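# Observations on the three-dimensional arrangement
Okay, here's what each chain looks like letter by letter:
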Amino acid sequence: MKLTGIRLHRTGREPHTLAGAYAMDALAEADRARFERHLAGCEACAQETAGLREAAAALGAAAAASPPPGLRQRVMAAAATTRQSGPASVRVRPRLRAVLAVGAAAAAGLVALAVVFGVANGSMRQQLNQAQASSQQIAAVLTARDATMMTRPVTGGGTATIVMSPSRHALVFTAAGLPALPPSRGYELWLIGPRGDRPAGTLPMHSGMTGPVIAAGLHHGDRLGLSAEPAVGAPRPTGPMILDLPL
Amino acid sequence: MARGDAAAFDAVYTRVAAPVFGIVSRVVRDPAQSEEVTQEVLLEVWRTAARFDAARGSAMTWVMTMAHRRAVDRVRASAKQSERERRTAAAQIPFDEVAEAAEASLDRERVRRCLDSLTEIQRESVVLAYYRGYTYGEVASLLSVPAGTVKTRMRDALIRLRDCLGVAR
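Now for a description of the structure that goes with this document. (Residues numbered from 1 in each chain as written. Chains lettered and ligands numbered in written order. Predicted model: local features only at pLDDT ≥ 70, side-chain atom pairs only at ≥ 80, totals over all residues. Heavy atoms only, no water.)

### Some thoughts on the overall build of chain B
Looking only at helices and strands, chain B has nine helices and zero strands in total. From first element to last, N terminus to C terminus, chain B shows the α and β order α-α-α-α-α-α-α-α-α. Counting the 169 residues in chain B, one finds 54% classified as buried. Entry remark: accessible area of chain B is about 7400 Å², with carbon and sulfur atoms responsible for 50%. (Helix = DSSP H or I, 4+ residues; strand = E, 2+ residues; numbered from the N terminus. Buried < 20%, exposed > 50% of the residue type's maximum accessible area, 1.4 Å probe, protein only. Areas by Shrake-Rupley, 256 points an atom, 1.4 Å probe, with all protein chains shown as cover.)

Shown next as structure tokens:
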């Protein structure tokens with residue numbers, strides 16, 4: 001390993017010749033870090049490395065072997081208790097990032113992967129289209145210049161977080177710690193105001209957290225409401241408001 | 001976990017589990033550790049699926065890159081106590097590694113053919129680095145060739161493989 005470091009220094013003028021070794025993970029740790037710094041500033045090297053990685057991956061895929069029989073169940077069980085990360089590409093202020101960390105955005109990633117691998121079924125494709133459309137809208141609100149964040153307690157338990165962008169006439173809503181509801185019931189968002197009371201979406205629940213929901217079409221004077229309703233959603237609120245927030 | 005995610009992950013598992021387990025066990029060798037690393041890789045796919053960027057390469061490459069990186073990290077971490085063992089094993093390298101696996105497939109045939117088109121030193125460098133997890137410095141001392149030569153042979157070899165396999169780019 002020491003030997004490798006010395007050689008690299010000697011040939012340091014042409015770091016791109018390390019692309020092959022890098023693509024096969026054949027660099028010792030220090031060399032790897034150095035090459036990655038080089039890659040960050042060399043578009044041609046990044047291009048070449050990506051192509052060599054594809055070739056190396058083909059070598060890997062050629063070694064395919066059946067995994068042990070119990071592995072699928074163990075992996076699925078571990079995944080059920082492992083939280084997914086949000087996409088790296090959406091740049092939002094750190095305080096807002098938590099909003100994206102839940103549910104929908106990450107789920108779209110896996111479904112997208114299934115689509116890329118050609119193993120997705122029709123309903124996964126539909127789910128992806130919806131998720132992509134809504135995660136684009138969500139990202140637009142979270143990255144808007146005038147985005148402001150509010151946190152409010154929910155009557156009966158839980159906390160709601162709202163990120164609103166007046167210029168986009170939209171808000172992103174998430175909540176944590178809401179009381180569990182029977183399967184036939186669900187939480188529904190409302191926009192209440194001079195233009196009438198409009199349903200603004202039902203909340204997808206993931207173990208007490210809700211995925212981010214986008215409510216668009218905000219008007220001056222609207223309030224945001226939340227109530228428990230039949231799981232399919234109601235056309236107008238029937239339950240008591242457990243959140244009633246002037247916007 | 002949402003039901004849609006579980007179904008999608010199950011489908012992805014079906015597609016990637018064998019390639020991941022194959023390369024991990026080729027590099028790591030020890031069956032129990034191979035299974036452990038395979039599980040880590042698949043969970044990383046689950047955790048970071050949203051970070052996959054199709055503009056930067058294929059999904060299979062994304063997964064295999066994670067798998068190989070983790071396998072190599074594992075084998076290097078445990079290399080210290082078994083350094084002698086590895087060196088001894090390396091002394092009798094079967095250069096026909098790819099033919100080792102029992103089941104035949106078209107991909108395997110193609111990769112084999114392309115590996116055969118490399119020069120001997122290119123092929124040995126690729127096999128030792130990719131399938132055994134050696135650094136290029138280690139490969140150089142195993143083959144008694146200057147490190148600079150191994151480095152350039154590795155790049156030449158992958159370029160040739162890339163062109164032979166008709167990989168995009």
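### Considering the overall build of chain A
What chain A contains, in helices and strands, is eight helices and 10 strands. In chain A, the proportion of contacts linking residues at least 24 apart, taken out of those at least 6 apart, comes to 55%. Of the roughly 11800 Å² of accessible surface on chain A, a fraction of 56% belongs to carbon and sulfur atoms. (Contact = heavy atoms within 4.5 Å.)

### Thoughts on the interface of chain B and chain A
As a measure of interface size, the accessible area lost when the parts come together is often cited. Each partner contributes to the interface: chain B provides 73 residues, whereas chain A provides 71 residues. In total, about 6700 Å² of surface goes out of reach between chain B and chain A, with carbon and sulfur atoms giving 67% of it. Linking chain B with chain A are six salt bridges, by the criterion used here. Counting across the chain B and chain A interface gives 21 residue pairs in polar contact (both at pLDDT 80 or more). Residue assignment for the side of chain B that touches chain A shows that the elements contributing at least two residues are helix H1 (3–28), helix H2 (31–48), helix H3 (59–77), helix H6 (106–116), helix H7 (120–131), helix H8 (136–143) and helix H9 (147–165) of chain B. By residue number, the principal contributor to the side of chain B that touches chain A is H1 of chain B, which donates 19 residues. The residue inventory of the side of chain B that touches chain A, partitioned by class, reads 42 nonpolar, 13 polar and 18 charged. (Buried area = accessible area lost by both parts, 1.4 Å probe. Salt bridge = Lys/Arg side-chain N within 4 Å of Asp/Glu carboxyl O. Polar contact = N/O pair within 3.5 Å; in protein donor to acceptor, adjacent residues only side chain to side chain. Nonpolar A, V, L, I, M, F, W, Y, C, P; charged D, E, K, R; others polar.)

### Describing the nonpolar core
Counting residues in hydrophobic clusters, the biggest one holds 79 residues, and the most contacted among them are Leu59 and Leu113 of chain A together with Met154 and Leu161 of chain B. Looking at this core element by element, the count peaks at 11 residues for H1 of chain B. Beyond its immediate stretch of four places on either side in the chain, leucine 161 of chain B contacts Ala55 and Leu59 of chain A together with Cys114, Leu115 and Leu118 of chain B. Residues Ile162, Leu178, Tyr187 and Leu245 of chain A belong to the second largest nonpolar core, which totals 22 residues. (Core = buried A, V, L, I, M, F, W, Y, C linked by side-chain atoms within 4.5 Å.)

### Notes on empty space enclosed by the protein
All chains considered together, the criterion is met by one cavity of 30 Å³ or more. By volume, the largest cavity amounts to about 40 Å³. Listing elements by their share of the lining of the largest cavity, those giving two or more residues are helix H4 (43–61) of chain A together with H3 of chain B. Tallied by class, the residues present in the lining of the largest cavity amount to five nonpolar, two polar and two charged. (1 Å grid on protein atoms, 1.4 Å probe; cavity = no way out; pocket = protein on both sides within 12 Å on 5 of 7 lines; lining within 4 Å. Points joined across faces, edges and corners; volume = space filled by probe spheres on them.)

### Some thoughts on the state of the cysteines
All names here are of chain B. Tallying each qualifying case throughout the model produces two disulfides over all chains. Disulfide partner of cysteine 114: cysteine 164, at an S-S distance of 2.0 Å. Taking the sign of the S-S torsion, -80° for the link of cysteine 114 and cysteine 164, the bridge is left-handed. Taken as a pair, cysteine 114 in helix H6 and cysteine 164 in helix H9 lie far apart in primary sequence, 50 residues in all. (Disulfide = S-S within 2.5 Å.)

### Topic: the pairing of strand E4 (residues 185–193) of chain A
Residues and elements named next belong to chain A. Along E4, seven of the nine residues are buried, which leaves the element largely enclosed by surrounding structure. Here eight bridges tie E4 to strand E9 (residues 223–230), and the two strands are oriented antiparallel to one another. By the bridge assignment, isoleucine 192 is partnered in E9 with arginine 223. Here E4 runs beside strand E5 (residues 196–202); their pairing, made up of five bridges, is antiparallel. What sits directly across from glutamate 188, in E5, is threonine 202. (Pairing = 2+ DSSP bridges.)

### Observations concerning the packing of helix H3 (residues 29–40) of chain A against H4 of chain A
All names here are of chain A. Relative to each other, H3 and H4 sit at 120°, their axes nearing to 7 Å. For the element pair H3 / H4, the angle class is oblique. In this structure, H3 contributes Phe35, His38 and Leu39 to the contact, and H4 contributes Cys45, Ala46 and Thr49. Looking at the contact of H3 with H4 residue by residue, the class counts come to four nonpolar, two polar and no charged. (Axes fitted to C-alpha atoms, helices over the stretch in contact; angles between N-to-C directions. Parallel < 35°, antiparallel > 145°, perpendicular 65-115°, else oblique.)

### Considering the packing of aromatic side chains
Considering all chains together, one arrives at four aromatic pairs over all chains under this definition. Centroid distance phenylalanine 9 of chain B to tryptophan 46 of chain B: 5.2 Å. Interplanar angle 55°. Geometry classified as tilted. Taken together, the residues span a long stretch of sequence, with phenylalanine 9 of chain B in helix H1 and tryptophan 46 of chain B in helix H2 at a distance of 37 residues. Ring geometry for tyrosine 130 of chain B against tyrosine 131 of chain B: centres 5.6 Å apart, planes inclined by 80°, an arrangement best described as edge-to-face. An identical accessibility class is assigned to tyrosine 130 of chain B and tyrosine 131 of chain B; each is buried. The residue whose ring lies beneath arginine 53 of chain A is tyrosine 22 of chain A, and the NZ or CZ to ring-centre distance is 4.9 Å. Sitting over the face of the ring of tyrosine 131 of chain B, arginine 26 of chain B holds its NZ or CZ atom 5.3 Å from the ring centroid. (Phe/Tyr/Trp six-rings, centres within 6.5 Å; stacked < 30°, edge-to-face > 60°. Lys NZ or Arg CZ within 6 Å of the ring centre and 35° of its normal.)

### Focus: the environment of alanine 176 of chain A
Of note, alanine 176 of chain A is situated in strand E3 (residues 170–176). Through-space distance from the C-alpha of alanine 176 of chain A to that of threonine 159 of chain A is 5.5 Å; in sequence the pair is 17 residues apart.

### Let's talk about the sheet that holds strand E10 (residues 243–246) of chain A
All names here are of chain A. Read across the open sheet, the four strands follow the order E5-E4-E9-E10; overall the sheet is antiparallel. Each edge of the sheet is formed by a strand with only one pairing partner; in this case those strands are E5 and E10. Between one strand axis and the next, the sheet turns by 30° as a mean value, whatever way the strands run.

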